[in-house]
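If you want the building blocks of each chain, they are given just below.
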Amino acid sequence: DEVFVSDSGNNRVRKMDLRTHEVVTVVGGGSSTEAGFDDGPALRSVLNDPQGLVFSEEGLLFIADRGNHRIRAVDFSVNGVWTYAGSGLGGYA
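The structure reproduced in this document is the subject of the present report. What you see is a predicted model; the values in this text were computed from it and never measured.

### Some details on the packing of aromatic side chains
Per the counting criterion, the structure on display carries 3 aromatic pairs. Centroid distance F4 to F76: 6.0 Å. Interplanar angle 40°. Geometry classified as tilted. In this pair, F4 is assigned in strand β1 (residues 2–7) and F76 in the loop between β7 (70–75) and β8 (80–85), connecting sequence segments 72 residues apart. A relative accessible area of 22% means that F4 is categorised as partly exposed. By relative accessible area, which is 27% here, F76 ends up partly exposed. Plain terms: the ring middles of F62 and Y84 are 4.8 Å apart, the flat faces sit at 75° to each other, and that makes the pair edge-to-face.

### Some words on the nonpolar core
One finds V13, V26, V27, A42, L47, L61, I63, V74 and V81 forming the largest nonpolar core, which totals 9 residues. Those residues in contact with V13 that sit more than four places away from it in its chain are F4, V5, V24, T25, V26, V27, L47, L53, L61 and I63.

### Some points on the side chain of R72
Inspection of the secondary structure puts R72 in strand β7. On the accessibility criterion, R72 (0% relative accessible area) is buried. A polar contact is formed between the side chain of R72 and the backbone oxygen of V46, at a distance of 3.3 Å.

Calculation criteria
Residues numbered from 1 in each chain as written. Predicted model: local features only at pLDDT ≥ 70, side-chain atom pairs only at ≥ 80, totals over all residues. Heavy atoms only, no water. Phe/Tyr/Trp six-rings, centres within 6.5 Å; stacked < 30°, edge-to-face > 60°. Helix = DSSP H or I, 4+ residues; strand = E, 2+ residues; numbered from the N terminus. Buried < 20%, exposed > 50% of the residue type's maximum accessible area, 1.4 Å probe, protein only. Core = buried A, V, L, I, M, F, W, Y, C linked by side-chain atoms within 4.5 Å. Contact = heavy atoms within 4.5 Å. Polar contact = N/O pair within 3.5 Å; in protein donor to acceptor, adjacent residues only side chain to side chain.

Below, the structure written as structure tokens:
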């Protein structure tokens, strides 16, 4: 059993194992905890104030990347992150 959490203050998504209580970073990292924007490998991607998380039926994780005004998608089968929606501008882009 696992729980995924938006660690907004550190611009990361964490996974916690409910049996062992181990917490690991699964999305975000880049070179620091600074906010930013970068697609690519999950642990090297850069987020900016990630908020809501939801899994699709296909197992993709969608992240409301609030500070970047984008919806990001994560495919853990290839450990990749990409922009699913949004242009980086606030509003209905």
